[in-house]
Amino acid sequence: PSPPPSPPPPLSSPPPLLPPSSPPPPSPPPDEPAPKWERITCPAMSALVKNGDLVPSPAGLITKQQTFDALLRVGISEKVATETTDANFDHIDSLDLNVFRMNTVKRNGTPDPPGPSEHFRSTGIRDGRRPSSGRYNFGFEECADFDGIAGEFSSDDILNCATLVWDHESTFDSNSFPKKLPTNDVLESKRPPTCGATDSGLSGCHPDDPSLDQTPCCDSQLHGAINFMFQEFGTPTGEDAHMSTTDMKKLWLEAEYPPDFIARSPRGCVDTADPSAAGCQLCLDEVPTTGPGGLPVTATTSTEAQRYCRCLASKQLSAHELDSIPEHTSLECSKDPMVHANVTLTNRRRALSELTRPRELFDSAADGAALRNLLSSFYQSRGLAYDDVDVLITSQTPSTYSVRLATSRSDAVYLAYSIRVDLRSFAQETEAPIDIADVTVSDDLRLNGCGQFCEAQGSFLRGFVPRRPPPPSPPGPDIDPCLRPCLQGTCQQLSAFATCDQLSEVGCNCHGCCAESSSPPSPPPPLPPAGPLLLSNPRASAGSTAFAKRFLAKVTDGKSSTFGKSKKKK
């Protein structure tokens, strides 16, 4: 018989299921071949990189926060650090860019990859693989003589000559002064709406009333960037800056800091790992104990003292934290404007809900919280940005509180007047859980000059357009200058807080009623006695917004006897 058939071979098991394939992770950006500071189109960024204050990644990347911190650490003002990093990074989702590949617009050749955003028009001095001394010498250098003083640059030389040389698209005139040279390239997406291809300059730019403009306005970063760099790296900082022709050329072509800038910069003594004031101890140790002739040491008489003050500024401490540092006051470091009010409460309380009963006793913690909430609503009703860290409330007596409000120069007069005139009635209108019996406001808003710490004026995106003086009073019978309108009060009401020049900054013509110039600053009010400190955590960065233009646009809504109410703008 035949053998039984062999059993069939076992079925092979199916191959194991593999997880669905996922795309491979993106490759990291390639390292920059031989990165060199010469390839960086911005002179200031090039100097930061060359001097080791801003260290790009191997791929050449720098971040917004890294750049902001580096600018503060070398002594650049917070205003300039904020405006420049906002303009250069905020359009990029990752908030970083390749600092060696910022030449993204070229008329000839291959542009760098998208990402960094160039200016509307460009000098071209640093748009090649290395800075062009020919372009600098031919168009920029001679502007040092524009004001009639040879050998150094002034704000007049920069604003009325250097920023205008390449502000043209087709014009060429090497015989004019300043020269009229065609821009190296044009970024159309940044073209100002009032600037045609044949237009240039800022003569038609009017910051207060565009309807008065009679000529084109070509305000752009070409003006703002050159102006900001000069006023921050020059000495002293701000509109009164000067810089020798030698130092200016080295900054543009060799990325070298000017000697006076190095002397005042805290970059060599700041402890970057310590975000507190203690991170400036080494800078403080270098401050001499006596000034020239045995006089007290201040930031005006001592470069070391100024260096320490700039170190503290780099730590991004709140105005109240800085005020608590004895050396910050004794060395006359820059102080933010401050509105100091004393608020007296009645002993009446409103119930906060059906489950609570009105209290007859004062409670400093509850009163402080209620005052803080009231101020937040009050700021919003006046169109002001409220930041809890700007508010310091301290109990002086069971019913009286010291309220210190850090603010900006543009808001200080308006805020002080509003607190003095309207806070009490506002508390009644809004049915706040506290009743205010009295409000007094100090006339000293700390608006005196900026001394050694003036920041660059104007805008990084627009340049510097000088404000026109307020229009003269209309012809007719003479009127008391103190009765002229100012903001939405009168000159008499607001002249207690500011000089004529300071009121002019917010559009008021109060000459004849206000003080023409600042008197020597009076000592600031003493810090309140120890009590419950109602101060929140320090902010990571400041960001006050200028509201001067809003002052003139508020509309009365019938609910306030003095000021109209408007929604808070961000």
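The shown structure was predicted, so the numbers you read here are calculated from the model rather than taken from an experiment.

This paragraph deals with a positive patch on the surface. A cluster of basic side chains, namely Lys36, Lys106, Arg129 and Arg130, defines a positive patch on the protein surface. Position of Lys36 among the secondary structure elements: in the segment before α1 (43-50).

By the burial criterion, the buried members of helix α2 (residues 64-74) are Lys64, Thr67, Phe68, Ala70, Leu71, Leu72 and Val74. Next to the buried residues of α2 lie α1, β1 (61-63), α3 (78-89), α8 (259-264) and α10 (303-314). One or two positions beyond α2, positive phi appears at Gly75, with a value near 110°.

That bond from Phe177 to Pro178 is cis: its omega, 5°, falls within 30 degrees of zero. Within the fold, Pro178 resides in the loop between α5 (155-162) and α6 (221-233). Following Thr235, the chain continues into Pro236 via a peptide bond in cis, with omega recorded as -10°. Residue position: Pro236 is located in the loop between α6 and β4 (242-244).

Attention now goes to the packing of aromatic side chains. Counted by the stated rule, this structure contains 11 aromatic pairs. Ring centres of Phe140 and Phe153 lie 5.5 Å apart, and the angle between their planes is 50°; this geometry places the pair in the tilted category. Residue Phe140 is found in helix α4 (residues 133-140), and its partner Phe153 is found in strand β3 (residues 152-154); the two are separated by 13 residues along the sequence. Centre to centre, the rings of Phe146 and Phe177 are 5.7 Å apart; their planes meet at 55°, and the pair counts as tilted. Residue Phe146 is found in the loop between α4 and β3, and its partner Phe177 is found in the loop between α5 and α6; the two are separated by 31 residues along the sequence.

Counted by the stated rule, this structure contains 9 disulfides. Disulfide pairing places Cys143 opposite Cys161 at an S-S distance of 2.0 Å. Note on the Cys143 and Cys161 pair: the S-S dihedral is about -70°, so by sign convention the disulfide is left-handed. Remark: Cys161 occurs in helix α5 and Cys143 occurs in the loop between α4 and β3; sequence separation between them is 18 residues.

Side chains that differ in sign of charge can pair as their charged atoms come close. In the structure shown here, the tally under the stated rule is 16 salt bridges. Arg267 is the salt-bridge partner of Asp53, the closest N and O atoms lying 2.9 Å from each other. Here Asp53, found in the loop between α1 and β1, pairs with Arg267, found in the loop between α8 and α9 (281-285); they are 214 residues apart in sequence, far enough to count as distant. Under the relative-accessibility criterion, Arg267 is labelled partly exposed at 28%. Where Arg446 meets Asp323, a salt bridge forms, and the shortest distance between an N and an O atom there is 3.1 Å. Of this pair, Arg446 sits in the loop between β8 (434-441) and β9 (485-486) while Asp323 is found in helix α11 (residues 319-323), placing the two residues 123 residues apart along the sequence. Look at Arg446 and you get buried, because its relative accessible area is 14%. According to the relative accessible area criterion, Asp323 is buried, its value standing at 11%. Members of the salt-bridge network, linked through shared partners, are Arg121, Asp167, Glu169, Glu188 and Arg191.

Before going further, it helps to examine the pairing of strand β7 (residues 400-406). Buried residues dominate β7, accounting for 7 of its 7 residues. Counted along the chain from strand β6 (residues 391-397) to the antiparallel partner β7, the turn is 2 residues long.

Moving on: the packing of α5 against α6. Viewed as axis vectors pointing N to C, α5 and α6 meet at an angle of 170°, and their least axial separation amounts to 10 Å. By the criterion of interaxial angle, the relationship of α5 to α6 is roughly antiparallel. Note on element contacts: α6 touches α5 through Ile226, Asn227, Phe230 and Gln231, opposite Ser155, Ile158, Leu159 and Ala162. In terms of residue class, the contact of α5 with α6 is built from 5 nonpolar, 3 polar and no charged.

Applying the stated criterion across every chain yields a total of 3 cavities of 30 Å³ or more. What the largest cavity holds in volume is close to 640 Å³. Along its surface, the largest cavity is lined by 36 residues, and Cys42, Pro43, His119, Ala225 and Phe460 are the ones closest to its centre. Going through the elements one at a time, α1, α2, α3 and α6 are the ones with two or more residues in the lining of the largest cavity. When residues of the lining of the largest cavity are assigned to their parent elements, the largest contribution, 7 residues, is made by α6. Each residue belonging to the lining of the largest cavity can be placed in one class, and the counts come to 21 nonpolar, 10 polar and 5 charged.

Relative to the assigned elements, Ser459 resides in the loop between β8 and β9. Within the structure, Ser459 has its side chain in polar contact with the backbone nitrogen of Arg462 (distance 3.2 Å).

Definitions and limits used
- Residues take numbers from 1 onward in each chain, read along the sequence in its written order.
- Only residues with pLDDT of at least 70 get local features here, since the model is predicted, and only at 80 or more are side-chain atom pairs given and counted; chain-wide, interface and lining totals rely on the full set of residues.
- Note that the side-chain values use all heavy atoms of the structure and ignore hydrogens as well as water.
- Each patch is built from residues lacking any salt bridge and having more than 30% relative accessible area; the joining distance is 9 Å for like charges and 5 Å for nonpolar side chains (Val, Leu, Ile, Met, Phe, Trp, Tyr).
- Every accessible area reported is derived by Shrake-Rupley at a probe size of 1.4 Å, with residue values counting cover from the shown protein chains alone.
- We define a salt bridge as a side-chain nitrogen of Lys or Arg found within 4 Å of a carboxyl oxygen belonging to Asp or Glu.
- Counting rule for charge: Lys and Arg are taken as positive, Asp and Glu as negative, and neither His nor the chain ends is counted.
- Taken as the charge location is NZ of Lys, CZ of Arg, CG of Asp or CD of Glu.
- Helix and strand assignments follow DSSP, with helices taken as H or I runs no shorter than four residues and strands as E runs no shorter than two, numbered in order from the N terminus.
- The classification of residues rests on relative accessible area computed with a 1.4 Å probe and restricted to protein chains. Under 20% of the type maximum is buried, over 50% is exposed, and intermediate values are partly exposed.
- Between two residues, a contact is recorded if the distance between any of their heavy atoms is within 4.5 Å.
- Here a pair means two rings of Phe, Tyr or Trp (six-membered ring of Trp) with centres within 6.5 Å. Their orientation is stacked below 30 degrees between planes, edge-to-face above 60, and tilted elsewhere.
- Disulfides are defined as pairs of cysteine sulfur atoms found within 2.5 Å of each other.
- Here, a strand pair is defined by DSSP locating no fewer than two bridges between the strands.
- For helices, the axis comes from a line fit to the C-alpha atoms of the stretch in contact; other axes are also lines fit to C-alpha atoms, and the angle between any two N-to-C directions lies between 0 and 180 degrees.
- Any angle from 65 to 115 degrees is called roughly perpendicular, while one under 35 is roughly parallel, one over 145 is roughly antiparallel, and all others are oblique.
- Polar here means any residue outside two lists: the nonpolar Ala, Val, Leu, Ile, Met, Phe, Trp, Tyr, Cys and Pro, and the charged Asp, Glu, Lys and Arg; Gly therefore counts as polar.
- A pocket, in this scheme, is an open set of points on a 1 Å grid over the protein atoms alone with protein on both sides within 12 Å along at least 5 of 7 lines, while a cavity is a set where a 1.4 Å probe fits but cannot get out; residues line either one if an atom lies within 4 Å of a point.
- Grid points are joined across faces, edges and corners, and a volume is the space filled by probe spheres set on the points.
- We call two N or O atoms a polar contact when they sit within 3.5 Å, provided that within protein one can donate a hydrogen and the other can accept it, with sequence-adjacent residues counted only if both atoms are side-chain atoms.

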